[in-house]
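Summary of the model geometry
Each chain, letter by letter, is given below.
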Amino acid sequence: MKTKLFYRSNRQHLSAMFNEIDWNNTPKEKDEVTVRTPVNIAVIKYWGKRDEKLNLPLHSSLSVNLSMDSMYTETSARKSKDTVFCINGKIEVPTKRFDRLINKIRADHPESNVDITTHNTFPTAAGLASSASGYAALACALKLLYPTSGNVSELARLGSGSACRSTAGGFVLWEKGVEEGGKDSVSRQLYSEDHWPELRILVCVVCKDEKAVPSTAGMQSTVQTSSLMKHRVLHVQQRIEQITEAIRLRDFPKFGEITMRDSNEMHAVCLDTYPPIAYLNDTSHQIIRSVHEYNSEKGEVRAAYTFDAGPNAVLFCEEKDLFEIRDRIKSKFCGEGGRVSELVECKIGCGPMLRASS
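Residues numbered from 1 in each chain as written. Predicted model: local features only at pLDDT ≥ 70, side-chain atom pairs only at ≥ 80, totals over all residues. Heavy atoms only, no water.

With that out of the way, let us pick up the overall build of the protein. Assigned secondary structure in the protein consists of nine helices and 18 strands. For 358 residues, the compact-globule estimate of 2.2 N^0.38 gives 21 Å, and the protein sits close to it at 20 Å. Counting only C-alpha atoms, the protein reaches 60 × 45 × 40 Å along its principal axes. Look at the contacts in the protein between residues 6 or more apart in sequence, and 78% of them connect residues 24 or more apart. Between the centroid of the 47 positive side chains of the protein and the centroid of its 45 negative side chains there is a distance of 1 Å. (Helix = DSSP H or I, 4+ residues; strand = E, 2+ residues; numbered from the N terminus. Rg over C-alpha atoms; globule rule 2.2 N^0.38 Å. Contact = heavy atoms within 4.5 Å. Lys, Arg positive; Asp, Glu negative; His and termini not counted. Charge placed at Lys NZ, Arg CZ, Asp CG, Glu CD.)

Attention shifts here to the packing of helix H6 (residues 227–249) against helix H7 (residues 252–272). Remark: H6 packs on H7, axes separated minimally by 10 Å, with the N-to-C direction vectors making an angle of 165 degrees. With respect to their mutual orientation, H6 and H7 come out roughly antiparallel. Our pair here, H6 against H7, has a crossing hand that is left-handed. Here H6 contributes Ser-227, Leu-228, Met-229, His-231, Arg-232, His-235, Val-236, Arg-239, Gln-242, Ile-243, Ala-246 and Ile-247 to the contact with H7, which in turn contributes Lys-254, Phe-255, Ile-258, Thr-259, Arg-261, Asp-262, Glu-265, Ala-268, Val-269 and Asp-272. Here the contact of H6 with H7 is composed, by residue class, of 10 nonpolar, five polar and seven charged. (Axes fitted to C-alpha atoms, helices over the stretch in contact; angles between N-to-C directions. Parallel < 35°, antiparallel > 145°, perpendicular 65-115°, else oblique. Left-handed = near helix turned anticlockwise from the far one by under 90°. Nonpolar A, V, L, I, M, F, W, Y, C, P; charged D, E, K, R; others polar.)

Further remarks concern the nonpolar core. Judged by nonpolar contacts, the single largest core of 53 residues is most densely connected at Leu-62, Phe-255, Ile-287, Leu-315 and Phe-316. Ranked by size, the runner-up nonpolar core spans 28 residues in total, among them Ile-116, Ala-137, Leu-142 and Tyr-146. (Core = buried A, V, L, I, M, F, W, Y, C linked by side-chain atoms within 4.5 Å. Buried < 20%, exposed > 50% of the residue type's maximum accessible area, 1.4 Å probe, protein only.)

Between its first and last C-alpha atoms helix H3 (residues 130–145) spans 23 Å; for 16 residues at 1.5 Å apiece the expected length is 22 Å, and the two agree. Most of H3 sits inside the fold, with 15 of its 16 residues counted as buried. (Expected span 1.5 Å × (residues − 1).)

With that out of the way, let us pick up the pairing of strand E15 (residues 303–306). Consecutive residues of a regular strand have side chains that alternate between opposite faces of the sheet. Taking every second residue as pointing to the same face, both faces of E15 are buried, with Ala-303 and Tyr-305 on one and Ala-304 and Thr-306 on the other. As paired strands, E15 and strand E16 (residues 313–318) are joined by four bridges and run antiparallel to one another. When the bridges of E16 are listed, Thr-306 appears paired with Val-314. Where E15 hands over to E16, the hairpin turn is made up of six residues, counted between the paired strands. (Pairing = 2+ DSSP bridges.)

Moving on, we come to the pattern of salt bridges. On inspection of all chains with the given rule, the structure shows 22 salt bridges. Of the charged contacts, one joins Arg-200 and Glu-319 as a salt bridge, the two residues approaching to 3.2 Å between their closest N and O atoms. Residue Arg-200 is located in strand E14 (residues 199–205), and its partner Glu-319 is located in helix H9 (residues 319–333); the two are separated by 119 residues in the primary sequence. Given the relative accessible area of 3%, Arg-200 is considered buried. Between Glu-300 and Arg-302 there is a salt bridge, with its nearest N and O atoms 3.7 Å apart. Owing to a relative accessible area of 18%, Arg-302 belongs among the buried residues under this scheme. Look at the salt bridges and you will find they share partners, linking Arg-232, Arg-239, Asp-262 and Glu-265 into a network. (Salt bridge = Lys/Arg side-chain N within 4 Å of Asp/Glu carboxyl O.)

Below you can see the structure in the form of structure tokens.
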């Protein structure tokens, strides 16, 4: 199979159709909207919940939002007599997670119903944060149709915990919070997409298949059975502080090392789960080795990997190293018979966008 290569498109074309949503100056209530939301890639992972219903995490997490030139969820929603939910061209029965969002809206708007059509431009349930982008788009659309009190990230979190990080752009922190009802478990932007213009992201699609163990089920098993998870919860906040400082200083070697260590630790607690959960495959491990070999050749960390709950690699580097790293991945893993089926090059992206005509 020949690898598909995607590169940055002309941002001006996207900006002509969509404008970033300013939640401090929320648009007036609308009857129909179309929004796009980004994929967020956690560099300090979210794994484990203290409240399943409210999706309250055991610890805070931190992510980078990707540009929407190639990867995004687009959701169109309009007020309707009945609620209809269409995903990627297929009518779906609303899930319990969807019901959480719509019921939250109905607390202020009892008669609210919506006709929703949504699609994403990347594999679903393959460990590429599709649910995060999807529920963020849904939350933004619902909040624009039926304005409610509270933070949009709190609404998105009810659908998928990591969705709250797709409601802002750039580098986003999701605070675990301490309140029982979760009012303070919301996301906030640490730095905008313009803070580190040299940073680049290379998404390596290794497998588009749905993962064998869904994230929610995996988290439940890990919390119940992994002794290493208890260790992770104790020190992850210190790691967040360290990587936040690395981002502030645009210190890539430190940023890269912390990102890789945290990814490794998340997958270690998955393997420590009983029965063990193995999200990475042989190609994933080969990419890991290739990145460490590259860094060893350079004498410092110039490339970094991270893996969510799936085998697909997300690589970070600075622009000066991008072409060399991309060519290395292409030569080793792409082409006819290649194990990486798609290679998507991204910059850091902004937050949710609203179609200008909406």
